[in-house]
Each structure stands twice: as C-alpha cells, then as structure tokens.
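# What the coordinates show
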Amino acid sequence: MTLYDAPVRFDEARPAAVALACEVAAAGFDVLLVRDVVGRFSLVVDDGERDDGASAEQAERWRESLTRRLGRYSGERPLVLTSVTRLPKTLTASPRTLEVVAATGTAGAVRLLDNTVVGEEWSHVTAPSTDENGGASRPRRTALYGFKGGVGRTTAAAVLARRLADEGLIVLVLDLDLESPGVGPLLLGDRDLCTHGVVDHLVESALGNADGLEIVVRSGYTPRNRGELWIAPARGAGTEGIPNAYVDKLNRVYADTEGARFSDRLAATVRACEEAVERSDSGRLPDVVLLDSRAGIHDVAAVTISHLCDYALLFGADNDQTWSGYRDLFEAWAASGQAPAIRQKLRMVASMVPDSVHYSKDTHLQSFRQNALMTFSVLYDSLAPDEVAGATEGSWDLDDDDAPHSPIPILFEPGLVGMNVPRSPDWQERAFVEAAYRDFLDTAVPLILAGPAEDSGTESEDDRP
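Reference entry: report on the structure contained in this document. (Residues numbered from 1 in each chain as written. Predicted model: local features only at pLDDT ≥ 70, side-chain atom pairs only at ≥ 80, totals over all residues. Heavy atoms only, no water.)

### Structural notes on the overall build of the protein
Quick note on the threshold: Each helix corresponds to a stretch of at least 4 residues labelled H or I by DSSP, and each strand to a stretch of at least 2 residues labelled E; elements are numbered beginning at the N terminus. With a 1.4 Å probe rolled over the protein chains alone, any residue whose accessible area is under 20% of its type maximum counts as buried; one over 50% counts as exposed, and the rest are partly exposed. Whether two residues are in contact is decided by their heavy atoms, any of which lying within 4.5 Å being enough. All accessible areas in this document rest on Shrake-Rupley with a 1.4 Å probe, and a residue is counted as covered only by the protein chains that are shown.
Secondary structure summary: the protein contains 13 helices and 15 strands in total. Per-residue burial for the protein yields a buried fraction of 48% across its 465 residues. For the protein, the proportion of contacts with a sequence separation of at least 24, taken over those separated by at least 6, is 74%. By element, 48% of the accessible surface of the protein is carried by carbon and sulfur atoms, the whole surface being about 22100 Å².

### What to know about the side chain of R153
Keep this limit in mind: Definition of a polar contact: a pair of N or O atoms within 3.5 Å, with one able to donate and the other able to accept a hydrogen when the atoms are protein atoms, and with sequence-neighbouring residues admitted only if both atoms are side-chain atoms.
Of note, R153 is situated in helix 4 (residues 153-166). Among the polar contacts made by the side chain of R153, one reaches the side chain of T154 at a distance of 3.3 Å. Not counting residues up to four positions away in its chain, the partners in contact with R153 are L144, Y145, G146, D177, D292, S293, A295 and F315.

### Regarding the packing of helix 4 against helix 13 (residues 431-449)
We count it as follows: The axes are straight lines fitted to the C-alpha atoms, using for helices just the contacting stretch, and the angles between their N-to-C directions are given from 0 to 180°. By convention the crossing between two helices is left-handed if the near helix lies anticlockwise of the far one by an angle smaller than a right angle, and right-handed if it lies clockwise. Side-chain classes follow a simple rule in which Ala, Val, Leu, Ile, Met, Phe, Trp, Tyr, Cys and Pro form the nonpolar group, Asp, Glu, Lys and Arg form the charged group, and the remainder, Gly included, forms the polar group.
Here helix 4 crosses helix 13 at 65°, and the two axes come no closer than 10 Å. Considering how the two elements wind past one another, helix 4 and helix 13 form a crossing that is right-handed. Within the contact between the two elements, helix 4 uses T155, A156, V159, L160, R163 and L164 and helix 13 uses Y437, F440, L441, D442, A444, V445, I448 and L449. A class-by-class count of the residues in the contact of helix 4 with helix 13 yields 11 nonpolar, 1 polar and 2 charged.

### Examining the sheet that holds strand 1 (residues 30-35)
This is how it is decided: Pairing between strands requires that DSSP locate at least two bridges from one strand to the other.
The strand order across the open sheet formed by 5 strands is 3-2-1-5-4, and the pairing between neighbours is mixed. Each end of this open sheet is capped by a strand with a single partner; those strands are strand 3 (74-81) and strand 4 (98-101). Across the sheet, the mean angle from the axis of one strand to that of its neighbour is 20°, orientation sign disregarded. Summarising the sheet, strand 2 (residues 41-46) and strand 3 pair through 4 bridges and their orientation is parallel. Residue pairing for strand 3: V44 is matched across the bridge by V80. Along the sheet, helix 1 (residues 10-25) makes contact with strand 1, strand 2, strand 4 and strand 5 (110-114), crossing strand 1 at roughly 160°. Seen against the sheet, helix 2 (residues 56-70) touches strand 2 and strand 3 and runs at an angle of roughly 160° to strand 3.

### A word on helix 12 (residues 361-380)
Helical geometry note: an α-helix holds 3.6 residues per turn, so side chains three or four residues apart project in the same direction. The following threshold applies: Working rule for helices: expected span equals 1.5 Å times residues minus one. Fitting axes to the seven residues ending at a residue and to the seven starting there, one defines the bend at that residue as the angle between these axes.
Here helix 12 spans 26 Å end to end across 20 residues, near enough to the 28 Å set by a 1.5 Å rise per residue. Of all the bends found along helix 12, the most pronounced is centred on M374 and spans about 30°. If you check which residues of helix 12 are buried, you get H364, L365, F368, R369, A372, T375, F376, L379 and Y380.

### Regarding the nonpolar core
Soluble, globular proteins show a tendency: their nonpolar side chains are buried together. Note the following rule: What makes a nonpolar core is a set of buried Ala, Val, Leu, Ile, Met, Phe, Trp, Tyr and Cys residues whose side-chain atoms join them at distances within 4.5 Å.
Membership of the largest hydrophobic core comes to 60 residues, with the highest contact counts inside it found for L174, L178, L314 and L346. Among the elements that take part in this core, helix 8 (residues 262-279) stands out by supplying 8 residues, more than any other. Aside from chain neighbours lying at most four places away, what touches L174 is V198, A232, V270, C273, V289, L290, L291 and D292. Formed by 40 residues, the second largest nonpolar core is a distinct cluster that contains C194, L313, A436 and A444.

Without other data, these values stay purely geometric and don't point to any function.
Structure representation (structure tokens):
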C-alpha cells in the first residue's frame, strides 16, 4: 500500500504525530513537534547534550515511522536531531510552544510549536496588563461575543452600557465589529460621530501617525448618578469633502507590521481609546469598557477574548449551529492547554429566549443549560476539585447558577426586530425592552463590576510571546 491508497487527513495527523512523539519521549528524549502553516509535522529530538544521543538506527526508525504514519503531513525535514543540527533558540526555546506531555523521571517532555497564518491568538490566553496605567487600577474590560451573528449582541451591549453608566460609572463602548459597525448609532443619540474610529487608529498607528486622532465621543444620553457614556466607533464620520475610504482602510488593519503584530496593535488601540476619554472633559479613565467583538472564529474575536478582556459574555441561541461552533472553539482551547486560563472568564448568554403560555422560558432555558453543559464539558475536564466553590466531582453541576454554562436570559422581543434607531430615540425606555433585558442586566452588571476571577493563574498580557 502506498501513501495514496489511504491518505492521512488533517484531523488524523496531529494525534498520529503526538503518539509518535510520545514514543520517542519514552526513550528519554525531550521532543518538539513543529507544525508548519500547511499542517505538516517535523520531529525535533533534543539529544544534543547527552552522552548517549540517539543512534542512527533509532533516527532512521523514527523518520520512517513519521513519514509512514503522517503521509502528506510529514514535514520536508521529518526528523531533526539536535546532536546533528544546531537549531536557533528562537525555535527550540520559543515561548509560543505548548507543553503537550510533561516530562517524568524516565521519559522526556513533548511540546508543540504550531505555526498558523491566522487564528494563533486563540491558542494562548492572557489577562490584560495590570501595568498599563503606571500601576494604577485600569478599566475593567468585558467582551460581548457571539459565535453566530444576529443574536442581539450589539443591542445588548447598548442596553448594558446605559445601565452601567446609570450606576454612576464612566463607561466606554468600543465597536470592534469592524466589518459591520453598529453599536455607535445605538448609543450616539443626538450627538455627531467623532471624526475618526477604531479602524483609523489601527491604520495610522502602523505608521506611527496616530497622535491627534479624534477616536471617542460622548453619547447623547445623560446617565443618572453623574455617570458618563462614551463611544469609540469602528468607523468615524471622516472629514467633510474627503472620501472616508473605509473599505481601503479595513483591508489593511489586520496586517502584522514591523515590530508589532495585529494583536499588539489592537491592544494599543483599545488603550488609546481609554486614554482618549481621560484626556477629554471627563478627565478620568473609564471604569468599565465594553468590547463589542466581531462574531465567528476571527482574529478580532481571538485577540479580544484571549487577551484584552477580563470577562467574556458568550451569546447564542439554543440550536445546533451555536453549540457546534462553540464546541470547535472550546476544543481548540482545551487542546492547547488553555482550559484553566479561559473557563472562568466565560459566561453564556441565552439570546432570543421565547416565553409564552405554550412554551415557557424556563423550559427553554433548561434545554439551553443542558446543551451548554455538554459543550463546556471539554473545558471542565481538567477542573481541579477545589478550583471553584460549588464544583463537585471535578466539574460544575448542571444547575449551578454561578457556572460558566449557566445561561443569562434575554427574552425574544419582536418589537426590536428591524428597529430604525433614528426614528426610535427612546427605544431603551420602552416597557417591553426593559422586560426583555431585566434578568440580563440584573445578572450581568454584578458580574462585570466584580472584576476578573481572582487567582486564575492566567498570564498577564505583558508575558505574551
């Protein structure tokens, strides 16, 4: 049989490569698996500092085994022995590597260095830096994310922002849905957009040209209790008489530039928006920042959830598309060893919950809760018995209202479908809107104000590779 009789597929390549790496590690060698951007694996065996390095017979057997087991997914150089080839430490000691199997007294460790074109940020979770403001307290950041669009995430962001501002807080809402900006008009009221937006800052900062941009604007809404509500729109109003060229700018924002990856530039833009509020007539940094993230498995969402936020509200309807999408995402975090760092940052929001005399919201939420628990189980597998109060037998209970899978409901309200904001200036004050969002606000606001989970062991943003 040749390689072409039974081709190895992408899904099969990683388990096969890890299995072989474990066999090599069992011989006492540390092993680094390197996957290239098209998915091919190479095996780097660290035998360089041992008197009894790998023998020629072992090397040939490992090389043949990798090629045979992985087919097209074996690398151009399937096997590298450090005793033969000296590799740069940027490769062998890269901080981007993930430990797959720890070393024991007799066996070596197995690590993975995964090279991807996009999406790498999903595989490494950090907390926002605590030193961004000279050691002073920084704004609490909450991301609002939905795997699928059209679940009411942006409308919920607008409602949530007003409630937080009514609590007397300085609130900044950043529109990170760059391809489909929306939260700005929902909150702007009778004010005009600022000249520039998030996209302008990303483009100009790549050239060191971002000073002087007008990237935040105060909402026309006047909060109670001396609160403040600010908006950083994705798209600014632009300069009169000059084409905005938004699409041209958007096509350039995701590029890595010299000395700064897209993720670093997005983090800098978020900080710049926060500091713009401080430089305004407010005179203070925001207390709370809401990051309205783009939907789907996208780099903006990866950076927002994995690095920029303290807390993430995950929106979804109770259907197969929602759970299939989140399952893919959670499996990626679990496979890269990020489950302990990410699970306590997450909380499900049940969108568009029906409630009628024939089908109650409680019945709907019970189904949602069960499906959410099944999906979250991949992140709960490694839960330490004493990690979270209320967790028993290594996992949260189905009915634990503090668990990440426990849904925060937002009732389905047909009156909001197709809403024309300019013609509905007081939409948030309507009784049906307040009824739809009551449970959401009563639950989400205390969670956000409680700040990030303590002692989660998550690395700081400053520790990122």
